[in-house]
Structures are given as C-alpha cells and as structure tokens.
Amino acid sequence: MTTNTAAQAVDIGRTGVPDLADVAGHWVGLDEIAHLPSLRNQQGQAHVNHDLSSLSWLAAPPFTFGYHTGELHVDGVIPAAQRFLWKPWGVLREHRRGGLLLTTDTRMALSRDLLLWRITVTNESSETRTVELAQDLFAMAAHSEVGYGWLYEGPWNHGQHHDFMALERIRATTGGGEQHYLLSPAPRRLRLGKPRVPGIQRDEEHGPMLLDDALPAHVSHDKEPQPRVGVAGVVRGLRVEGADDGVILRADEAITLTPDGETNLDAFALSPGLTIGFELRLDTAGRSGTVLTHGNHPDSLQIGVDDGRLWLGITGEREFTDAELAVGDWHHVRVDVEADHVVLRLEGSEIARTRHWTESRRWVSRIEGGTVAFADSRSPARAVYAFAGPPGQLRTVGAGGRATWTCRIEPGRSVAIGIVCAYGTEADAVSAQARTAAEDFEATMRAGEDGWRRLWASMFTPGNPDFSGHLPTFTTQDTGLARTYYMGALQALYQRNTRIRPGEPVFLTGGPRLGPTTTYFWDHCEWSRLYALLEPAGLRSWLLRVLAGPYRDSFGVENLGGGPLGNAYSANDYALFRLIEHYVCVTGDLAFLDETTRGATGGASGGATVLAHLERLGLGWRERRNPATGGVLADFGDDPWQLLECVPTYTGVVASFNGAYVSSTRSLAGLYRRLGRYEDADRTEAEAGQLADAILDLYAGSGHWQVRRPDGTDTIGHCLDFGLVAAALHRELPDEIRREMADFVTGRLLVGGWMRALSPDDPIAAASDRPDHGAAGAFAAWPGVTAHGLARLGHRDRAIALLRNLSSAASGGLWGQAMEIVTGPDGRHRARVAERGVATRDCIAGAAGAEAVLSALFDINPTFATGGTAGLPATSCVEGVGTLTHLGPVA
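Residues numbered from 1 in each chain as written. Predicted model: local features only at pLDDT ≥ 70, side-chain atom pairs only at ≥ 80, totals over all residues. Heavy atoms only, no water.

So, about the overall build of the protein. For the protein, the count of helices and strands is 17 helices and 51 strands. The C-alpha radius of gyration of the protein comes to 28 Å, within 12% of the 29 Å expected for a compact globule of 891 residues. In terms of principal-axis extent, the alpha carbons of the protein reach across some 80 × 75 × 55 Å. Out of the 891 residues in the protein, the part that is buried amounts to 63%. Of the contacts formed within the protein by residues at least 6 apart in sequence, a portion of 68% connects residues at least 24 apart. Counting every atom, the protein has about 30,700 Å² of accessible surface; 48% of that belongs to carbon and sulfur. Positive and negative side-chain charges in the protein, numbering 82 and 107 respectively, have mean positions lying 3 Å apart. (Helix = DSSP H or I, 4+ residues; strand = E, 2+ residues; numbered from the N terminus. Rg over C-alpha atoms; globule rule 2.2 N^0.38 Å. Buried < 20%, exposed > 50% of the residue type's maximum accessible area, 1.4 Å probe, protein only. Contact = heavy atoms within 4.5 Å. Areas by Shrake-Rupley, 256 points an atom, 1.4 Å probe, with all protein chains shown as cover. Lys, Arg positive; Asp, Glu negative; His and termini not counted. Charge placed at Lys NZ, Arg CZ, Asp CG, Glu CD.)

Have a look at this one:
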C-alpha cells in the first residue's frame, strides 16, 4: 500500500510574508523519501530515525550524543514510522495499525539543551483498548570543546571519534530494521602493521570518489590524533576461513611487522562464522600499536597491543585484556566473528568479547525521584529524563532506562504522554531543568514554536532585535516562485547557530550527520546577496576571521575552534571574492576594504588589508597559468578533489571558474576606477577581455565545453560551466551560442522539477554517479545558479519556470546537499533529498533558489563594475514576477 501524501496546495506570497507553518513541511510517506527529517534549534542538530521516537547524530557543541536515544515499544512491538511531517520546530512521526493511531512529536527546544517528546495514542476502533507503551531511554552524552571537524567526533564506548558507517548501521536497526549492526558488508583489505588514519572511507587511496564510500578525513586540528603505529614483531600462519571452513585468505609465510610498516593482503567482507587466526611474536617489550586491521575505516576490525597486552576493536568497541604476551615467544591468536559479537582468543581461550552498545560500561544510569539520570565517565556530561505524568514503571536497563505506561483508551479518545531530556555539565541544574520542563510540558512545547515564529517575523522586519539586517518581502501572484523564495529564506534561518561563536551568528553548511560547526566558503557564496542583506554584521565578522586564516589551503572553517578545514577548493577565489563584493556593495561599507586582517593572508605570513585579499582573490588566475595548457586561462591542476570531486576528467583548464575570474577581474577594474587607480583599471579590464576571448575558444558546441589538460582535452556538459560562463560572458556570447547553451540546459539537464548537474549522455557520466555533481541529480545550489544563467542569457521565462518548481524536490522539508532523480512506478521522474552515502539532509546552498529570485528575476547583481555601493532601492517591481519591499537601504 502506498503512503503517498501530496503537499497541500497553500497559496503563499500574495499578501507578503506567509505564515511559517505554510512555507515548508507536509506529510510524506516513507516510500516517498530516502533521507529522513532533521531537527535543529539554533545551537544543535539531530536526525530522526525509522522508529517513532529515537534520535541519532545529536550534536549541540560542546555536547554530542552517541548511538540513539531509545525506541518506543507498543504492546511489545517496535512500530516503524509510516509517514513524517517536518516543521522547523519539530518532526511528527506516525504509525497506524489495528485500530490504533500512534503519533509522536519530537523537538529540540529552541536555544536550549533540552529534548521533548509528545507521544499520542488514538483509539480509532469501536472498542475500548488497553495499550502498553514502553519507551527506552538512552543518553550517551559527552562534553568536549574540541574535535568538531566536518567529520566531528562523537561518543563511543571506548572514546571519541567519527564513525559514519557504524552509526548509520545502528540507525538502520531502528523501527524493526536490520537486526545487527556490528559487521560492515563491504569487502576490505586485510592489513598488517601501521593503520591508516581513520576517516578515509575507501580502501584504496586512489579509488573512485563516490558518495557511498569516499569520505576524506576532514577533521579539526584542535585535538591531537591518536598515535597510528604498528608493533615490532612477526606474524605467521595467517588464515581467514568462512563459516563452512573454506579458506578465504591464506599467508603461510612469515610477515615482519615494524612500527611504521604496512603489509597489504587481499580484500574480503566480514560475515558470521568467519575466523581469523595467526601466530604472533613480539620483538620488543612494553610496546603499544596495531597488529592487524580489516580495512582503514573507523569501524574496522582491529587487533593490537597496549603495553604488550592484547586488545580487540570493532565498531565503536574496544575490549582490552590482561593477556600480556611474552616477548620472543610465539602466541596463537584467533578472532571469531559473529553477527552480534566478536570474540578474541589466545591459545584457544576466550580473553575478550564485544558487547551491544546498550550494555556500555562508559555511561551509568540510575533512577532518581521519578527521573532517569545519566553520567558519562569520560567527560562532565550529564543528562536527565523526566516525565509529564509519571510512568507506571521506571527501571534501568543496561546503560539506559525504560519507562512503561499502561493506558486504557475509550473509542475515539486519545492519551498523550510527555517526555523531556535535559543535558549539561551540572547534575543538579540538569535535573532541575528536566523537572521544570516536564511540569510545564505543554508551555515548553509552545515556547519553541512561538520562538521560531518570532525569528521568522524578524527576518523580514527592518530594525528587528534578532538580525543585524533583514530580507525583503516578496509579494507575488506566483505561488511557486513565492515558495522557492521563502523556503530559501527558511533554509538560512534553519542553518543558523548562535552558540558556537558568541556574538557572531554562524550559518552552518550541512548536517546533521556531518559538520555541526562547519562552514564551506563555496556554499556560503551561493546565497551571498541574502547573507549581506540579512546578517551584514555577522558576515563582516566572519569574513575578517576567514581572511586571517589559510583560506586557499582549505575548503572552509570549523567555527567553534576557528581553524581551517579540509583540502583546498578551486572555487575559493570565486567564493570569497563574491562574498566580499556583495557585502560591500549591498551595505555600502567601503571602509571595510581598508580593514587589516591579522595572521595569515591565505597562506602567507603577516597581515593584509581586505582590499589586498580582494585583489589576490580576483586576480588569482595570474598565478595559475600553465604554458602546457595555453598560458592564458587558469589551470586548476590535476586533483579532482579540488574541483568537482566526483568527475575525474574535470581538471586542468575548465570554463567555469575561468568565467568567474572574468567577473572578478572586471569588478576589480571598476573598483580601481572608483579609487582613482586608472592604469590598474585599464590593465585589468584588458586582461578580463583576454580571458573572455580564451574562454570562448573552449566552446565545443551544443552547450558543451572543452576541458584542457597537459595530456589532452575532453568535452563535458556540466551545469557549472553553463552557470558561471553565462553569468560572466553573457554580453560576449554570440546569439547562436547563447541559444545552444540554454537549449542544452532545458533539453539535457532539467528533469523532474529539478535538474542533473551532468548530462546523462556525457562520456564520463558512468564514472560520476553522485547526486550532487554527477548525472544522478544536482547539488542544492545548481538550480539557482542555472536560473541566474538562463536569465543573463535572455531567457527569463525559462528561469521562472525552473525556479517555480523547486519546492517539489524538498522531500517534505527543505533542500539537502544532493537531490537525486528517481523514477516512480508511473515512469515519471522526480527529485528527492538523497540519503545514500554521505549526503547531508540539510544544506545552506539550498538558499540559492531565493538568491536567484533576487538576481535572475529582479536583476539585483551589485558589483564594483556596475556602480558599486550606490545602494538598493526601497522597492522593486517586475511585471509578471512581483514586488520586493523593504529592500534597501541596509544599515
């Protein structure tokens, strides 16, 4: 039976700012979505799971929660959620069966370290029903001020680390899903010796860059990594056997182990009944290190020694033993793998066994006056569950608890139960917060919703108390355009965090599974006009902080610690130039260019003015020229991770960012004239013309562009080339090319109310199976970028048609990082938020649709080249589109 639940058709935009409840969020069935909804509260984030109540990936720095918070049992059964309703303040989950309607409302209280659940059971039958409700209660909470990279550290039984794959397997067990989570189904190499750094989620360093298994170790630099060393010794007689005693891998010869060496063997997958046996001789006493690892992932099966004593590790567990190995002697070691546990044996005797995560020895739970209190033995984190109406039974279960209610429900009537969980570092204060919230449960629930509505109203109100600026109000008869604009605004509000940088509101890039403190430069520039309008003071502060760091050597910043994050992106020059340009041109704050940043200047030592940074960014093509690829255009090198990550041929000279350099160079020429530097203006204007001419030489026909490398050329049909070239060269492009480019987009990329980033018939499409930058779908920003390009090429009607349909792809909420194209039973294409691999549910780049309403439809494109800081009109009206009010000026 399908649970298809189409969105309600609500007219919005005709009277200005719509009610927040009408902007986004409608019931969606489980068979309609892939990526389940998220929760946020302006200081943290979390994911709902497949059952009716549990949460995972809860991170509200400096707090993180491990595993999940516990499932709801109804008459001894764990029901799965059949459909979901997302709103900014919380998520409803629903299950209907056997005359009972089960509805749960799960929330993170706005700007508080507090979780809320309302469980409602409605008797839809004609007979009185007695129902037993039992809620498992877990709060594996930890407190840490460090370790918040894109791959942020979460709590596990033996410590803090990021283990994406293991936690996703644990989430898959909820709602009656997979029974076991311990073993990864992926084949991995067996390695002896020094382990690799966890986080590189692929066995081969140069393997394919697919979202499913490619996750670089983008970790923060504010915490010393654990030592990654092997041991000095020898392994011999290594055998891996399956459950049927068949030999999977055999290495009879002796293998020498050294602290810095590594021996690679064949790949295989772990499965129940598999055994790994070998003889081990240690050559030095008192050493610690790894002997063997199955793969180089954080959840890998590992065997090692700690001060000469054996230990066993897998999937968040590490079991240490007292078995000290005599140096120079041979010892027989064996690992027995089962679906729900792994056993380590020495000389045939069991010395260690893993346990289920709920039996943790790290956290202690206890009953205290009608509450369940939790304490973390490795950090000062404390948590307390309290109840609006006491449960009939309350007891501890393993490292958690269980609350049970027996409810008698008359026909047509409902019962509701309220549960809260407070967390912090002071046990008494946490307990008091939980008890107070439970005593006034309904008021606490209402306060969060009211708070979100107040923030929403402030976003569009000049002189409001919550933002240093405001967004214009869009009034239109076109409900589709209105929904795209206001959903984009809500995307920005939803990603806002006011705790990690006190006094500087931060807008996060993604999550909840990744990056609770992370901002990517590139994603930020996709809503730079809106950013400068809404939060000019915050943008100014953020830019000064970013420009003081090595912005050319990273893709973004970890905002809590303030450090750089990740590898370099070729987009950085374009992104940061545009953010500075739009900040200055929207606000009129020309004095910002004279501000001096402290510390590094994009990799160099010392300080520099913002203007010096702007010049370095805008003219970055000068230092990227390569005689082997023509010597005029920028050559971005041979590392695909620095461009589109998943398109192996998109390296070297590409049209997209060279087009962006044309825009920035021309903008600088306009700024130079304003500053009286006329010779510099003339020179950069001429250089921009040379770049533009060279880009036109890359055109390969039919909307495709050449990619030039020292070893040859390819052609590609990608939306990034279209968007950035159309934005920069729309005046130079001949009419025929403009028409071909627009026809390529509408004929090959637009589909299902969304688009593909890469043409599906492109030769490289099969090797770029990612729903953000490949042919399987498109990144959240690409429709906005494409609509802007269509409008610049003179096809505003096509831009309107594209922007009008975007809300249908948001999977009942807002847009995610990757939107995949799927085919329904009726053969029709549609888009949804992708879940597979490491795609994130929320993405700030989704605000690009609202940005395109301003840039593509109202022609709000401030640059230094087109008048610079002349200011915006208070009102703008475009026939057939609508009206913007409260547009300017910006204080």
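It is worth spelling out the pattern of salt bridges at this point. Tallying each qualifying case throughout the model produces 62 salt bridges. The partner of arginine 836 in a salt bridge is glutamate 820, and the shortest N-O contact between them spans 3.9 Å. Taken together, the residues arginine 836 in the loop between β49 (829-833) and α17 (848-857) and glutamate 820 in strand β48 (residues 818-823) connect sequence positions 16 residues apart. Using a relative accessible area of 22% as the deciding quantity, one classes arginine 836 as partly exposed. Through salt bridges with shared partners, a single network forms among Asp19, Asp105, Arg107, Arg118, Glu442, Glu449 and Arg453. (Salt bridge = Lys/Arg side-chain N within 4 Å of Asp/Glu carboxyl O.)

Sizing a probe to match a water molecule and rolling it over the atoms shows the empty space that remains. On inspection of all chains with the given rule, the structure shows nine cavities of 30 Å³ or more. Put simply, the second largest cavity is a space of about 100 Å³. Along the wall of the second largest cavity there are 13 residues; nearest its centre are Trp57, Phe65, Gly154, Trp156 and Leu167. Contributions of two or more residues to the lining of the second largest cavity are made by β5 (63-65) and β13 (154-156). Counting residues per element, the lining of the second largest cavity draws most heavily on β13, at three residues. In terms of residue class, the lining of the second largest cavity is built from seven nonpolar, five polar and one charged. (1 Å grid on protein atoms, 1.4 Å probe; cavity = no way out; pocket = protein on both sides within 12 Å on 5 of 7 lines; lining within 4 Å. Points joined across faces, edges and corners; volume = space filled by probe spheres on them. Nonpolar A, V, L, I, M, F, W, Y, C, P; charged D, E, K, R; others polar.)

This brings us to the pairing of strand β11 (residues 129-137). Two strands pair when backbone bridges link them, and strand β6 (residues 72-74) and β11 are joined in this way by three bridges, in the antiparallel orientation. Among the inter-strand pairings, valine 74 is bridged to a residue of β11, identified as leucine 133. Strand direction decides the pairing type here: β11 and strand β32 (residues 400-409), joined by nine bridges, are antiparallel. Counted as the bridge partner of valine 131 is cysteine 407 from β32. (Pairing = 2+ DSSP bridges.)

Our focus in this paragraph is the packing of helix α5 (residues 479-494) against helix α16 (residues 796-804). Relative to each other, α5 and α16 sit at 65°, their axes nearing to 8 Å. As judged from the angle between their axes, α5 and α16 are roughly perpendicular. Where α5 crosses over α16, the two elements pack in a sense that is left-handed. Along its contact with α5, which presents Gly480, Leu481 and Thr484, the element α16 presents Ile800, Leu803 and Arg804. Its residues placed into classes, the contact of α5 with α16 shows three nonpolar, two polar and one charged. (Axes fitted to C-alpha atoms, helices over the stretch in contact; angles between N-to-C directions. Parallel < 35°, antiparallel > 145°, perpendicular 65-115°, else oblique. Left-handed = near helix turned anticlockwise from the far one by under 90°.)

On the secondary structure map, leucine 274 appears in the loop between β19 (262-268) and β20 (275-282). Note: C-alpha distance between leucine 274 and valine 335 (61 residues apart in sequence) is 8.3 Å. Apart from residues lying up to four places away in sequence, leucine 274 is in contact with Val240, Glu241, Gly242, Ala243, Ile248, Phe268, Ala269, Val335, Asp336 and Val337.

Let us now look at the sheet that holds strand β33 (residues 414-424). In spatial order, the strands read β1-β7-β8-β9-β10-β33-β30-β29-β28; together these nine strands make up an open sheet with antiparallel pairing. On the outer flanks of this sheet lie β1 (28-29) and β28 (363-368), each paired with one strand and no other. Those strands touched by helix α4 (residues 441-459) are β9 (100-108), β10 (114-123), β30 (382-388) and β33, and its axis lies near 115° from that of β10.

Another point: the layout of surface pockets. Taken as a whole, the second largest pocket spans an internal volume of roughly 920 Å³. In terms of lining residues, the second largest pocket is bounded by 46 residues, among which Ser663, Ala727, Arg792, Asn861 and Thr863 are the most central. Elements represented by at least two residues in the lining of the second largest pocket include exactly α9 (572-587), α10 (610-618), α11 (655-674), α13 (719-729), α15 (782-792) and α17. Top element by residues in the lining of the second largest pocket is α11. It accounts for eight residues. The class makeup of the residues in the lining of the second largest pocket is 18 nonpolar, 17 polar and 11 charged.

At a minimum axis distance of 8 Å, the contact between α13 and α15 shows a crossing angle of 40°. As the angle between them shows, α13 and α15 are arranged oblique. Remark: the crossing between α13 and α15 carries left-handed chirality. The residues of α15 that touch α13, namely those facing Cys719, Leu720, Phe722, Gly723, Ala726 and Ala727, are Trp782, Val785, Thr786, His788, Gly789, Leu790 and Arg792. Here the residues of the contact of α13 with α15 are counted per class, giving eight nonpolar, four polar and one charged.

The next thing to look at is unusual backbone geometry. Peptide bonds are mostly trans, and most non-glycine residues show a negative phi. Here the amide bond leading from proline 61 into proline 62 is cis, since omega sits at 15°, within 30 degrees of zero. Assignment of secondary structure puts proline 62 in the loop between β4 (55-60) and β5. Note the cis peptide between glycine 511 and proline 512, where omega equals 0°. Along the polypeptide, proline 512 turns up in the loop between β36 (506-507) and β37 (518-520). Phi at glutamate 645 is positive, roughly 65°, even though this residue is not glycine. On the basis of relative accessible area, glutamate 645 is assigned to the buried category, the value being 12%. Residue serine 702 is not a glycine yet carries a positive backbone phi of 55°. With respect to the secondary-structure elements, serine 702 resides in the loop between β42 (699-701) and β43 (704-709).

So, about the sheet that holds strand β15 (residues 188-193). One open sheet accounts for six strands, arranged β19-β15-β21-β22-β23-β24; its pairing is antiparallel. In the strand order of this sheet, the two ends are held by β19 and β24 (317-324), each with one partner. Geometrically, the sheet is characterised by an average inter-axis angle of 20° between neighbouring strands, direction not taken into account. Of the strand pairs in this sheet, strand β23 (residues 309-314) and β24 are connected by five bridges, and their pairing is antiparallel. The residue bridging arginine 309 from the neighbouring strand is glutamate 324, located in β24.

Spatial relationships are all this shows, so hold off on functional conclusions.
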